[in-house]
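If you want the building blocks of each chain, they are given just below.
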Amino acid sequence: MLQILIRSLLLIELLFYVWFGGHLTDLGFSGGAIAASIILIAVLWRVSHTLITHCIAMVLRWRDKRTLPFGNSLAALASELGARLISYNWSQAFPGLSLGVDPIGSGGGMPILLVHGFFSNRGMWLSFRKRLAAAKVGPVYTVTLEPLNGSIEAMMPTFESRIDAIIRETGQQKIIVVAHSMGGLLARAYLA
C-alpha cells in the first residue's frame with residue numbers, strides 16, 4: 001500500500017514537471033533553462049523535507065543539552081538527505097525491484113527478520129540488509145506489514161505468518177528479529 005502511495009506522489013511530481021516545463025516552453029525558455037529549473041525544484045523539494053526533520057532533531061538535542069559539533073551536524077544532514085533520496089524515491093516506492101526476493105545472505109546461520117516501523121515498508125531496510133548479507137549472517141528476511149495504518153493487532157497476522165514461513169523454510173525454531181519503532185512494539189506484542 002505504501003509503495004502505491006509513494007509511486008502516486010512521484011507520478012504527480014513528474015506530471016507537475018511536465019506541465020511546468022511546457023509552461024516555461026510557452027514563455028520561450030531554452031531547454032537547458034527548463035531542465036535546470038526542474039532539477040532545482042526537485043532538489044529543493046527534497047532538501048526542504050530533510051531540513052525540517054534535521055531542525056527538529058537539532059531543537060530536541062538543544063533542549064536536552066546534547067549539541068553536536070557543526071561538522072557532525074552537517075554530516076548527519078548529508079547522510080539523512082542521501083537516505084531519504086534512496087528510501088522515498090527508490091527502495092520504498094519499488095521494494096520488489098530494489099530488494100529482490102528474500103532471503104539474502106548465507107544460508108547456514110540463524111534467520112534474521114527485519115521489521116519496519118510505522119508508515120513504512122520492507123524497502124526501508126535496503127542498505128542495512130545488504131550490510132548484514134556482506135557480514136555473512138542470516139539468511140536475512142524482511143516483511144511488509146499491512147494494513148498501512150493498522151493497529152498492532154491488525155498487523156499481527158502478517159507478522160505471525162511471516163515468522164511461521166521462515167521457520168518452515170529454514171527448519172530453525174528460533175529467529176532473530178530486528179525491529180524499528182512500531183515494529184518493535186509488534187514484536188513485543190507477539191512475544192507477550
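First things first, this report covers the structure right here in the doc. Bear in mind the structure is a predicted one, so any value in this text is a computation, not a measurement.

The strand order across the open sheet formed by three strands is β2-β1-β3, and the pairing between neighbours is parallel. Both edges of this open sheet fall to β2 (140-143) and β3 (176-179), since each of them pairs with a single strand only. Adjacent strand axes in the sheet meet at a mean angle of 25°, parallel and antiparallel pairs treated alike. Relative to β3, strand β1 (residues 112-115) runs parallel, the two sharing four bridges. Bridge pairing in β3 links I112 to I176. Running at roughly 165° to β1, helix α5 (residues 126-134) makes contact with β1, β2 and β3 of the sheet.

Attention shifts here to the packing of aromatic side chains. Each aromatic ring pair is characterised by the separation of its centres together with the angle its planes make. Inspection of every chain in the model, using the stated rule, returns seven aromatic pairs. Here the aromatic rings of W90 and F94 are separated by 5.9 Å at their centres, their planes lie at 40°, and the arrangement is tilted. Given the relative accessible area of 37%, W90 is considered partly exposed. A relative accessible area of 25% means that F94 is categorised as partly exposed. Centroid distance W125 to F128: 5.6 Å. Interplanar angle 50°. Geometry classified as tilted. Under the relative-accessibility criterion, W125 is labelled buried at 7%. Since its relative accessible area comes to 30%, F128 is described here as partly exposed. Pairwise contacts between aromatic rings join F16, Y17, W19 and F20 into one cluster.

Tracing the backbone through its elements, the reader meets I166 in helix α6 (residues 152-170). Taking relative accessible area as the criterion, I166 reaches 0% and is therefore assigned buried. In this view, I166 contacts P111, L113, Y141, G171 and I175; residues no more than four positions away in its chain are not counted.

Attention now goes to the pairing of β2. Burial along β2 is two-sided: V140 and T142 facing one way and Y141 and V143 facing the other are all buried. For β1 and β2, the ladder comprises four bridges, and the chain directions are parallel. Directly across from L114, in β2, lies its bridge partner T142.

Here the largest pocket is characterised by a volume of approximately 460 Å³. Around the largest pocket sit 18 residues that line it, and L9, L10, W45, H49 and Y88 are the ones nearest its centre. Elements with a contribution of two residues or more to the lining of the largest pocket: α1 (2-26), α2 (31-63) and α3 (70-91). Ranked by residues supplied to the lining of the largest pocket, first place goes to α1 with eight residues. Counted by class, the lining of the largest pocket contains twelve nonpolar, three polar and three charged residues. Along its surface, the second largest pocket is lined by 18 residues, and A83, R84, S87, Q92 and M124 are the ones closest to its centre. For the lining of the second largest pocket, the secondary structure elements donating two or more residues are α3 and α5.

The next subject is the pattern of salt bridges. Taken as a whole, this structure holds seven salt bridges when the rule is applied. The closest approach of N and O atoms between R46 and E13, which form a salt bridge, is 2.7 Å. Pair noted here: R46 is in helix α2 and E13 is in helix α1, with a separation of 33 residues, a long-range link. E13 matches R46 in its accessibility class, with the two residues each being buried. Between R84 and E80 there is a salt bridge; the shortest N-O distance is 2.7 Å. Taken as a pair, R84 and E80 lie in helix α3 at a separation of four residues, close to a single helical turn.

Analysis parameters
- Residues numbered from 1 in each chain as written.
- Predicted model: local features only at pLDDT ≥ 70, side-chain atom pairs only at ≥ 80, totals over all residues.
- Heavy atoms only, no water.
- Pairing = 2+ DSSP bridges.
- Helix = DSSP H or I, 4+ residues; strand = E, 2+ residues; numbered from the N terminus.
- Axes fitted to C-alpha atoms, helices over the stretch in contact; angles between N-to-C directions.
- Contact = heavy atoms within 4.5 Å.
- Phe/Tyr/Trp six-rings, centres within 6.5 Å; stacked < 30°, edge-to-face > 60°.
- Buried < 20%, exposed > 50% of the residue type's maximum accessible area, 1.4 Å probe, protein only.
- 1 Å grid on protein atoms, 1.4 Å probe; cavity = no way out; pocket = protein on both sides within 12 Å on 5 of 7 lines; lining within 4 Å.
- Points joined across faces, edges and corners; volume = space filled by probe spheres on them.
- Nonpolar A, V, L, I, M, F, W, Y, C, P; charged D, E, K, R; others polar.
- Salt bridge = Lys/Arg side-chain N within 4 Å of Asp/Glu carboxyl O.

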